[in-house]
Structures are given as C-alpha cells and as structure tokens.
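The residues making up each chain are set out below.
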Amino acid sequence: METTSLGRVPSKGRVSNMTEMLTKGILNSFVLTLSFTIFFVFLFGSYDYFKNVEDNKCEMTYMFQYPEYVRIKLETDMDKKYAKYGLYAYAEGKYTSLAKRHKFTGVPVLFVPGNAGSYKQVRSFASVALRKWLDSRTPFHFDFFSVDFNEELSGLYGYVLQSQAEYLAAAIERIQGFYDEYHSVVLIGHSMGGIVTKTMKQHNEPLSNLIISLSTPHTRPILVFDPEQDLFYFHLSRNWTNGDEKFRKDVTLVSVAGGDRDILVPEGFTKWGRHLDIHTTTTAVPGVWASTDHLCIVWCKQFVFSIVRALFDLVEYKQPNGFYAMTEDSETRQKTLNYHLVKKSSGKSIHGAHRESEFGKPPGTEWNELLVHNYCSPPTRSTTYLMFPMAVIKEKIQGDPEDYKIMILTTNSDPKNWIFGCTSQSVVDSTRYCSAADNLSPDGELIPHFRRRRKVIHLKYSDISKYSHLIVRMDPCTLKSCVNLDVYNVQERSKELNVKFETQNKIFYNLTLPLEAGLFSKLFAWNVAARTDGDESCVASHNSLAIFEHGNFKVNRFPRNETIVARFSDWNATTANLQLYLEPTCKYTVQVRLASLETAGQIFRTYFRLLPSFFGSIILMSLYFQRDAKEWSNFHRVLISNAYHLTILPGFVVSILLTVLPNDWPHMLDGPEYFVILPMFCYLVAYALVLFVATGAWYVIIAFGNAVHAVFLRMLTTRFAKWTNLRVPLPDQVADMALDFTFAKFPIIISVFLLSIALATCGGFGLLAGLCFFVIKLFKMYEDILGDLWRAKIHDVAEGLSPLNFQFSCTMMWLLITAVNFPSLIHWVKSFSYDNTPQWDISMYFCLMVLPTVAVLWQDHVPNFNPMLWRLHRFVFYIMGLAVVIWGTFRLYISGFILTLVLITTAMCQLISYIPHLAGNAEENEPAAGTATETDNNAERSEEENEESSESEELLESEDFPEMQKSYERAFSREKEKVQQESNSVDESEPDEQEEIPDHLSANTDETYLEDSDDDDDDDDDEEENVKNPSISRSESEEDDDDDEQDDEQPTQVEQKTEEEEERARRSRSKSKSSEKTSPSHPPSSNTASPSPLDLEDDEINKDVDPLAQGDVNPKTRRSGSKREKSADENSPSKEAK
C-alpha cells in the first residue's frame, strides 16, 4: 500500500466499514426525525380528541321531590350467590311508601348500568317520566327499576359479564312477578349494560321486546384484557346470528351513540349491522342536536325527554284484560322510535301529529296569496295561511323540471300540520282560499335552531306540479315569524367540499364530500366557514345553519362568523353532505379549508387503540440489539442506534405477514381504515413513545433513585415496627443490608413471598407487588454502582451498568404484563368487602408463570452470557415482537402471554448460562476442601494401615515365615553392599547429606522428615558437574537455570498434590516402624528394628517405579528425591552394623 505525507491510505475493508456506519447513521437520523414528527402529530391529535370538543349543550335534569331507592330482594338463592348485586325501585315523595310495599301498577322499565356505572343513574329517566305522568295525567305511568352491579369494571374485566347476565335474568323474573298480568320489561342499558341486556335473547321466551342501548360498544370491546370478554362477545353474536327470524322481529334493538364528546366509545363501535333496528347519534336526534360524553348521555335533559316521550307513545291499552302495557307490534315500535329518534316532522307526540285538515274559510283566519319567496309577519293572534302560486314557482325553472327542487323553511311556526298542496280553491268576498288540500307535513322535518323553532321541507317539482298552490300555515305567535321559499337546481347547488364561493339571495347549498379518495378523504377534516361582511343585521342573524351529515351521524353549528368541522366517524358511510341554510337577504363568503389540528385528531381517534401492542413489540425487538460483545447496553441508547430496524423494517415485515398469516385485523378494522403502511406508521409513533418513556424512566432512576430508595426503607422500617410492636424502628442501615442480602443471595424468598401474596389475593396484586420490587431493585442497584464507583471498585462504567441495563429491560416487560392484568386488581379491590377469597382468573395464571422467574433474574451473578445460547435467544426476542403485533393488537391478553413467555425463556437462558460457572467453581474449590476432605483421607489411610497390620500378624504366625526371613536377610545384605558402594562416590561432594538419616530407616530419629531445598540441590549439582566437566559451556548452564526457573513456575496445585502424597508416605512408614517395635521377632539387644519382608518388597518395588507415575511431575524434585533415597540407603546399614 502506498503512503502519502498525510498518512497511510485506508484499506478497502476500513472504507466499507466507514461507509456502512455513515449509511446507518444517516438512515437512523432520518427515521428518528420522521418518528418524532409523526409522534408530535399524534400529540396534537390527542389534544384535539380530549380537549378540542364542542361545548356541552345538554341541560341538567332535576327532580321535584327527594329520590328514594328501595331495595328489593329476589327471594332466591341469587341473593346469597351474588350478595354484592342488588335490585332497586325508584320512587319520589308519597310514592315511596307504595314502592316499599311492592305495590307496582305501571309499565315496568329496568335500567342496567355499564362499566363502573351506578344504579342511581336511573334518576333522570324515572324523574322525568314521573313528572310527565303527573302533568299530562295519562291513565298509565311507568315503574322504574335499576340493577346495582357494584360499579364493576365490566368493560375491562370480562369475568363479571356472565354473572351480571344471570342476575339480570333473575331480576326481570322478579319484576314480572309483581304484576297480575304479563308485562314485557323495557330494558335501558348504558355502556356495557347494553351488552348484558342482549343476553335476554338466550331464553326461549323473550323477557323484553324493547332494548335501548346508550353508548354501547356492540361491534367489539374497546380493549380486550382477558379471554372471557372475548368469548362473551363471540357467543352473544353467534346466538343473535343463528336465532330465528321470529325472535328478531319480536325484539326491537336501538343503539344511540354520544358523538364526538364520547371519547370512550366512538360512534363506529355502537353499530351492529343488521341486528340493530335503529342506530343514531344524539347529534342527529330531533330536539337534541348535541353531542354527549359517555356519562352525560344518561342525564342530558333534551335526550331524556326524547326517550321518555317515545316510551309514552309506545304504551297501548290491552282490551281483553283492561290494562296498559308496551305494544307488541314491531312495526309500531319501529315507526314510533323513528319519529322520536331519527326524523321528527312535527310535535312532541306521534299520535295525531298529522291529521287531515278540513279546509274552508273558518272565522278568524287570514288567507294571503304571495308573489314573493320571502315573507315575515309581525307577532299576530290569528291563524294565517300563506299561498304560493305554482305559476310563480314555475317561472324559476329553467331546463329539465326533474332537476329542480323546492325548499320551504319556516321560523317560529309551531303547528303540527303546517304545509299543504292545494287541490281545489274557492273565492269568498274577493278572497281566494283553498277548499281542499293534501297534507305534506309528514315529509318535513325539524332542523336545529338557536332559540327558535324551525321546520324545513324539500319537495321535487315533478311531485307537486299538480297543485295550484303551496299553502303554509302559521299559528298565532308572539314572535316574528318568517317563511322562505327557494327554487334550486340540484346540480348547481351541489358543490365539492374544497371550493370557495360567494352567495347572495340563496338559502340552501348542499356540499358533497368527494369519497373517491377513499381512506385519505376520511382521515382528513375540513373547516367550513360561512362569513358575512354585510350590515349588522346579517352579522347578528341566527338564521344561518350548517349541518354535516354522513350515514346516521350529524353535527351542526351556526356559522355566524364561525366555522364547522366536517370529519368522518362512520367509515362505512357511502354519502357525506354539508347542508348550508343561509339568510336570503345577506351575502356570504363560503370557504372550505383543510383543518390541520382536526385532521391530527381524526388520525389519533382512529388508530390510538393500536399502540399498546406496538409499544410492547418495540421493547421486545430492542432486546435483540441490547447485548453486544462485552455487556448489556443502555436501553434508550439501543433504541436510538437501531431506529431503522425497530420501525421501518418490522413495519414492512408485518405488512407482508398480515396478508399471509391468519389474524384479526380485517375483522377489527373497517375496510377503509386499514392501509399497507399502517403497521409502519404505528411503529414510528410507538417508537417515539417508547423512547420518551424509557429515557424518562432512566433519568428518574438517576435523579431520584437514592431519594426513593431512602423513602422506601423508611416506610419499610416503620411498617415493620408496627407489625412487630417495636418501640423504635430498625435503623435504615440494617434494613438496607437485609434487603440487599435478600435481593442478592436469596431472591427465591421474594419469589415465594410474591406467590403467597398472589395466591391469597389475586394475580394482579402479585404482579403489582413484583413491579414495586423491580423498581426498588433498580434504585438499589444504582445506589450500589455509585458506591462502587466512589470506592474505585469499578473502572469501566459501561461494564458496571450492564446488570442495571439488563434489569431495566426486564422491568419494562414486567410493567406491560402488570398493565394487562391491572383490571383484575381493581375488580378484586372492589369485591373484597363481599368476597375475600382468592380470585382465580387469567392474572393468577400469569403470576404462576412469571413470578418464579424472579428467583433467577434477581440472582447476584445475573446477567450471564453464553454466546451460543445468545445467538438463538436474541431471535426469540425479535420474532415474539412481531407476534405481539400480529395477534395481540386487539387481544391484549395474548400480548401478555407472549411477554410472559419471553421472561421465562430469559430466566432459563440465564440459568443455563450459569451452569458452566458452577462447575468451574466446584473444581477450583476441590483442592482446598478444608478439614472435611482431610478427615476423609485420614480415615481411609487408617483403614488401610489396619489391614496391613492384620496381614503382618498372619504372616508372622505362618510356617513359612523363617524361610522368608532368611531370604530377606540375603536380599538385605546384597542391597546394603550396593548402597555402600554408591555412597562412597557421593561422600566427597555431599558430606552433609550422608549424615542425614531418613526417618523410614531409623527408629531413633524424629518423625518429622527434613527436606532439603530443591533449588539448593540443583545449584550444587550444577556446580559439581561444572567442576568435573569444565568443557560445559556457559550456555548450557544458563539453559539449566532457565529450566529451574520454569520448574519453579509449575502450578501450585501439582506441588500441593506431591506434598500430600509424600506426607502420606511418611505417615505410612512411621506406622510400619511402630508396628516393627512391637513385633516379637526383633532381637532384644538390637537398638534398631530391621524392616519386615513386606516393607522391603514394597521398597524394592517402589525403586523400579518411575517417580512421574507417583505424582512427582517436577524434574527438580525428582533429582533431589533420588539423592536423598541413595544417602538414606547407604547410612542405614552402617548404623545397624554399629
């Protein structure tokens, strides 16, 4: 490689690595920017969803006397089985005594509360119905009952739905038992109460033929936290779908949504296909025209009036038995409810709303024939008929009459029959009047108004061309009354919703929404403004009105220099129109613009329920990248450095898998709601959310870890002192040491403690307690790391933070599992006063699976690392992250199971990775086993010595012993001569060693064996050989020194083994000498004991054995040992001879 003055030219591999790093950095920066941009759009959308809503236009209902709720017992085993439930009857004033005596003579109505709802929510309906009965003096009234479900979270905890359904059926049977004649009970269900009321279909005979559900999620649950809720919806839908047609006709099912203000149950969730007879929203109910939140819908005065009026119109007199009850005709119910909830054309009651009028010229009436299209009359006390000639209307038509319509709008006109088509006319006293006419009032409708009553009708010219006049009736009124007529071409007045135009002398415009754009047109929201810069009368006018309508959804505003937001809530709507009713004498500028904030709110409203599963998916997939070659990396840094692999890539993979694998996405989302890049979009939003949460949690640990840990210790010591009746709480240092010892050495104690809590209460409580311990452990670990850094025990900060990073990731997974099971904890707390037995539900199974992992994950040696196992386990993280999105988006309990499985596999991998360390520690601790090992060896040696001693005694008593002794003496003499010759050659060089007598050849020496230094012997040998052989070079001597140095560096373990073997040999020889002293064959005059034949044979055998085979692997030790043996053999016979 050529070099330059600037340095070495980088290699190709280095250039490719730099290019790869640069590309990855640019890609991650782009993804981070995109993710945060979309996330902030979501934040703006959340503000629009929760805060930027229309004002509450509902009025409060009031009762005129103090309300009473009379408890009614079912008088069955249900009272004992469901002690926490109750049935109540509503009463006021003097009617309370009748209710306490169970004297009910009206039409029964039962209110069923919903998620966390109260039985007292029946007050508004019951009080208004009672007041209407007293005011109108009808021959019948209503008896209102209510069910108390202990304010259970039926929308989040599905295990209570079946028990509520059973109690509701028993309550209906109890109510019907109060009446002599059979009554079909009207059911009004709020929220999840509407779901429970639909279970009455499961009986052979319907207990109710009218079910009114308010803000009820019929389509699917908002969030599914347990499989029981999922199964309840499944069986309910199957029973209604497979039911006979007769039953569906016998039961009328009504669903009313609250509109934009209801942020808990959107309008799309309140639909149920063909099973619903009527579906509407409060913004479209005539006389209401206001959006209600989830709770307001049960007390909104305008809406309660509409429901009560509909109930009064549905009661009919039963001729055979002479009592009043709800009508059994399904067509009558459908027609009446449509009149009150969908399209009301006239008065408060449908009965007698449109009667045929007898035309003539009654006294006190005025007939005016108008040639103008706009007419206003001052307050009058007489009835006035306004006649619009068809000839004048025909002059306005230019072109095909089929394309034209006539619109008539009245203000402050309150007759039920208000518009007619004249078929015959007469003249009396020079006044033209209509003698016969057709009533066209049923085709009209009421429209929203601002403190004024307004009616409108749209008629096709081809349908009314047969009449001579259009007649409008105006009753006496104390206010100014107006009539406006407008002839318009349908195509000319229909404009797209992205235009700007000016109007003058025009009353009606119909703006259509371009649905060809599909999804994106429904995701967008528009601001429609109709502004006037005319005189003050136009600016102050309240006659202008805008109505946005699609499907059954309507929203209205009065665009007097204001704006109306047009956006979708019904994704399956095929039409969308914005109708403008303007002041004909004013000039308006109508402008339609894209509403940025409202569009963000529309996106948030549609997709924010998908984020929990994507949140968990990113946490799992980030674990794939968290462990590098050295340690566990910081969680939020892993997120930042792998943004592309956590958002774009998995979003693309999930989009492909959703088209291949079976999943619930097509069933849970309407067709237009899903698009190809939706998973990628959700990943980008969830990624930013996870990054914010993880970073915030990390810096909370850094900033408040010590403080929170101190507070917890103080609470722990205080509580412990109260439980144990200690006068003085334990010091914080003692509690800290105990907690640290338990966390590090015995985490199984905490695991058993948490399992005990869960088995005694509920699984949600055990998981929450585990989460608290996780947080405490994080704070404690951070405190210990700071202490180690201060004491310089940790030199690498990243390595010191590795265990904390691992536990932080486990805490994030534990947090999600706890959140999925949190409704179980809330339900247990609410039911504790009625039932304190352990609550076995899905959260208990979560606990039984995940709590034992604490005993492994909180060990002091965790985290461990096994490279081969990690290569496999990291892919489990990524695959499970994808599975959470595919199958756990709409069923959160599936996400909980996947997270639990990941925690279990993590604990198992940590346990398997630690097994080799345990085996290595056992081998290292084996040589230094302590007193126990040495005691075992001594016991074995004593047994061997006892066996040898018994064998020696048997040999002495045998007959062959004299011959063996003679052979021994001959062998001993030969060996003595040989040793003597070798000893003479060594005397000159090692005189000191000749005087040393080994203990195994002399009985007068001490039992302690004096060993010469191995290094000294080697040095002496080298000097002697150099003196005798001067030709030996210096290099050879240096090599010997090097060998000696290498020998000194032999493992201490081998030297320890060699010393132990020598020690055993010395002890064995000392034992044999003692046995020789006591032997009867020793001569009494001898001061020394001659060795036995067995010892001699052993010594002779041992001579021929290689010292390496005896465990002496050190060559230096081998040389010195041989010298000592030789000197010992030479000296021992000489001393015996003396």
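Throughout this document, residue positions are counted from 1 along each chain, in the order its sequence is written. In view of the model being predicted, local features appear only for residues whose pLDDT reaches at least 70, and side-chain atom pairs are presented and counted only at 80 or more, with totals across whole chains, interfaces and linings using the full set of residues. Neither water nor hydrogens contribute to the side-chain values; these are computed over all heavy atoms in the structure.

1. As for the overall build of the chain
Along the chain, the regular secondary structure elements total 39 helices and 31 strands. Whether two residues touch is decided by their heavy atoms; if any such pair falls within 4.5 Å, the residues are in contact. Of the contacts formed within the chain by residues at least 6 apart in sequence, a portion of 77% connects residues at least 24 apart. Total accessible area on the chain stands at roughly 56,800 Å², and carbon and sulfur atoms take up 54% of it. A run of H or I in DSSP counts as a helix once it spans at least four residues, and a run of E counts as a strand once it spans at least two, with each numbered from the N terminus. The method behind every accessible area is Shrake-Rupley, applied with a 1.4 Å probe, and residues are considered shielded solely by the protein chains displayed.

2. Notes on the nonpolar core
What makes a nonpolar core is a set of buried Ala, Val, Leu, Ile, Met, Phe, Trp, Tyr and Cys residues whose side-chain atoms join them at distances within 4.5 Å. Relative accessibility under 20% of the residue-type maximum defines a buried residue, over 50% an exposed one, and the middle range a partly exposed one, all with a 1.4 Å probe and only protein chains included. Ranked by internal contacts, the top residues of the largest apolar core, which has 106 residues, are L639, W665, L678 and W814. It is helix α22 (residues 678-724) that provides the largest number of residues to this core, a total of 15 residues. Counting 45 residues, the second-largest nonpolar core is a separate cluster that includes F145, A171, I175 and M192.

3. Focus on a nonpolar patch on the surface
Taken together, the side chains of L759, W840, Y845, L848, M849 and F897 make up a nonpolar region of the molecular surface, amounting to roughly 560 Å² of accessible area. With three residues, helix α28 (residues 842-850) is the largest single contributor of residues to the nonpolar patch. If you trace the backbone, M849 turns up in helix α28. Each patch is built from salt-bridge-free residues with over 30% relative accessible area, joining like charges within 9 Å and nonpolar side chains (Val, Leu, Ile, Met, Phe, Trp, Tyr) within 5 Å. Any Lys or Arg side-chain nitrogen found within 4 Å of a carboxyl oxygen on Asp or Glu counts as a salt bridge.

4. As for the sheet that holds strand β15 (residues 383-389)
Two strands form a pair only when DSSP identifies at least two bridges running between them. Sheet architecture is open: five strands sit in the order β13-β15-β21-β17-β18, paired in mixed fashion. The sheet is open, and its two borders are formed by β13 (365-369) and β18 (431-439), each paired with just one other strand. With direction set aside, neighbouring strand axes in the sheet form an average angle of 40 degrees. Here strand β17 (residues 419-428) pairs with β18 via eight bridges, running antiparallel. Counted as the bridge partner of S426 is Y433 from β18. For every element, the axis is a line fit to its C-alpha atoms; helices are fit only across the contacting stretch, and the angle between N-to-C directions ranges from 0 to 180 degrees.

5. A word on helix α17 (residues 611-626)
A helix is expected to span 1.5 Å for every residue after the first. The first and last C-alpha atoms of α17 sit 23 Å apart over 16 residues, in line with the 22 Å expected at 1.5 Å per residue. Counting buried positions along α17 yields 15 of 16 residues, so the element is predominantly enclosed.

6. Section: the sheet that holds strand β19 (residues 445-447)
An order of β14-β22-β16-β20-β19 is seen for the five strands of this open sheet, with the pairing classed as antiparallel. Of all strands in the sheet, those with a lone pairing partner are β14 (374-377) and β19, marking the two edges. Pairs of neighbouring strands in the sheet enclose a mean axial angle of 20 degrees, with direction left out of account. As paired strands, strand β16 (residues 404-411) and strand β22 (residues 481-489) are joined by eight bridges and run antiparallel to one another.

7. Brief notes about the state of the cysteines
Put simply, a disulfide is two cysteine sulfurs that come within 2.5 Å. The full count for this structure, using the stated rule, is three disulfides. Disulfide partner of C58: C300, at an S-S distance of 2.2 Å. Its torsion about the S-S bond being -85 degrees, the disulfide of C58 and C300 is classed as left-handed. Highlighted residues: C58 in the loop between α1 (12-50) and β3 (67-72) and C300 in the loop between β10 (278-281) and α9 (301-314), separated in sequence by 242 residues. Exposure remark for C58: the relative accessible area of 12% places this residue in the buried category. Judged by relative accessible area, which is 0%, C300 ranks as buried. Across the disulfide, C376 is cross-linked to C482 (sulfur-sulfur distance 2.1 Å). A torsion of 110 degrees about the S-S bond marks the disulfide between C376 and C482 as right-handed. Taken together, the residues span a long stretch of sequence, with C376 in strand β14 and C482 in strand β22 at a distance of 106 residues. Relative accessible area serves as the criterion here: at 12%, C482 is assigned to the buried category.

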